Amino acid sequence: MCQRINDVMKLCCELSANQQIQTTVKGSGKGAAAAGGLAFAGGLVGGPLGIAVGGAVGGLLGCWLTSGQFKPLPQIIMELSPQQQQKLYDDLVVVLGDIQWTDLAQLTALVMGNATLKQQLTGALLGYITKELQANVHYVD
């Protein structure tokens, strides 16, 4: 992989790690469907008590179905295919403009020292993640 692409991918990891961004691929609906579906079925069978039991069992099933789907964004970035990394790089180079750097440390210093550039790169990164990967973005509190 080209060193410049590698530098930009690592910069993306740094940006997203600093903001504690997590993503999930469209799958959280499964958990909600399991919880809601079993609560509904429990209500039909057992009335109000059935709703409570069905909701609890559905919630546990939903948790199990979606476990491991929430990943830190740096992990998602490093798991991208070379083609996906190239596309992300192309999107971010537009934001970086004519900035020249010699290594990752210099690039990181240039970006982290410029709040506007940092915000624009983060926005472009999140846009790529939501559009190209169809992932939901969550900020960890």
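Model, not experiment: these values are computed from the prediction. (Residues numbered from 1 in each chain as written. Predicted model: local features only at pLDDT ≥ 70, side-chain atom pairs only at ≥ 80, totals over all residues. Heavy atoms only, no water.)

Further remarks concern the overall build of the protein chain. Scanning the protein chain from N- to C-terminus turns up six helices and three strands. Secondary structure elements of the protein chain, listed N to C terminal, follow the sequence α-β-α-β-α-α-α-α-β. Taking all 141 residues of the protein chain together, the buried fraction comes to 33%. Per element, the accessible surface of the protein chain, about 8,000 Å² overall, is 61% carbon and sulfur. (Helix = DSSP H or I, 4+ residues; strand = E, 2+ residues; numbered from the N terminus. Buried < 20%, exposed > 50% of the residue type's maximum accessible area, 1.4 Å probe, protein only. Areas by Shrake-Rupley, 256 points an atom, 1.4 Å probe, with all protein chains shown as cover.)

Turning to the nonpolar core, a few remarks are in order. V8, L88, L96, V111 and L121 are the most contacted members of the largest nonpolar core, which totals 26 residues. Secondary structure elements with two or more residues in this core: α1 (3–18), α3 (73–78), α4 (82–96), α5 (104–112) and α6 (115–132). Not counting residues within four places of it along the chain, the set of residues in contact with V8 comprises Y89, L92, L96, W101 and L107. (Core = buried A, V, L, I, M, F, W, Y, C linked by side-chain atoms within 4.5 Å. Contact = heavy atoms within 4.5 Å.)

In this section: the side chain of T122. Take T122: it is sitting in helix α6. Within the local environment of T122, its side chain forms a polar contact with the backbone oxygen of K118, the two atoms lying 2.9 Å apart. Not counting chain neighbours up to four residues away, the residues in contact with T122 comprise L15 and Q19. (Polar contact = N/O pair within 3.5 Å; in protein donor to acceptor, adjacent residues only side chain to side chain.)

Moving on, we come to α6. End to end, α6 covers 25 Å across 18 residues, agreeing with the expected 26 Å (1.5 Å per residue, within 8%). Every buried residue belonging to α6 is among L117, L121, T122, A124, L125, L126, Y128 and I129, and all of these are buried. Looking at where α6 begins, the residue whose side-chain oxygen comes 3.2 Å from the main-chain nitrogen of T116 is N114. Looking one or two residues past α6, Q134 carries a phi angle of roughly 50 degrees, positive in sign. (Expected span 1.5 Å × (residues − 1).)

This part is about α1. Taking 1.5 Å as the rise per residue, α1 with 16 residues should run 22 Å; its terminal C-alpha atoms sit 22 Å apart, in good agreement. Every buried residue of α1 is accounted for by I5, N6, D7, V8, M9, L11, C12, C13, L15 and S16.

Here the focus is the confidence of the model for the protein chain. Taken over all residues, the pLDDT of the protein chain has a mean of 81, while the share at 70 or more is 77%. Considering each helix and strand of the protein chain separately, the mean pLDDT is smallest for strand β1 (residues 21–25), with a value of 61, and largest for α4, with 94. (pLDDT = per-residue confidence, 0-100.)

Looking now at the packing of α1 against α6. Put simply, α1 and α6 touch, their axes get as near as 10 Å, and they point 100 degrees apart. With respect to each other, α1 and α6 are oriented roughly perpendicular. The segment α1 lies against α6, with L11, C12, L15 and S16 engaging K118, L121, T122 and L125. Split into classes, the residues belonging to the contact of α1 with α6 amount to five nonpolar, two polar and one charged. (Axes fitted to C-alpha atoms, helices over the stretch in contact; angles between N-to-C directions. Parallel < 35°, antiparallel > 145°, perpendicular 65-115°, else oblique. Nonpolar A, V, L, I, M, F, W, Y, C, P; charged D, E, K, R; others polar.)

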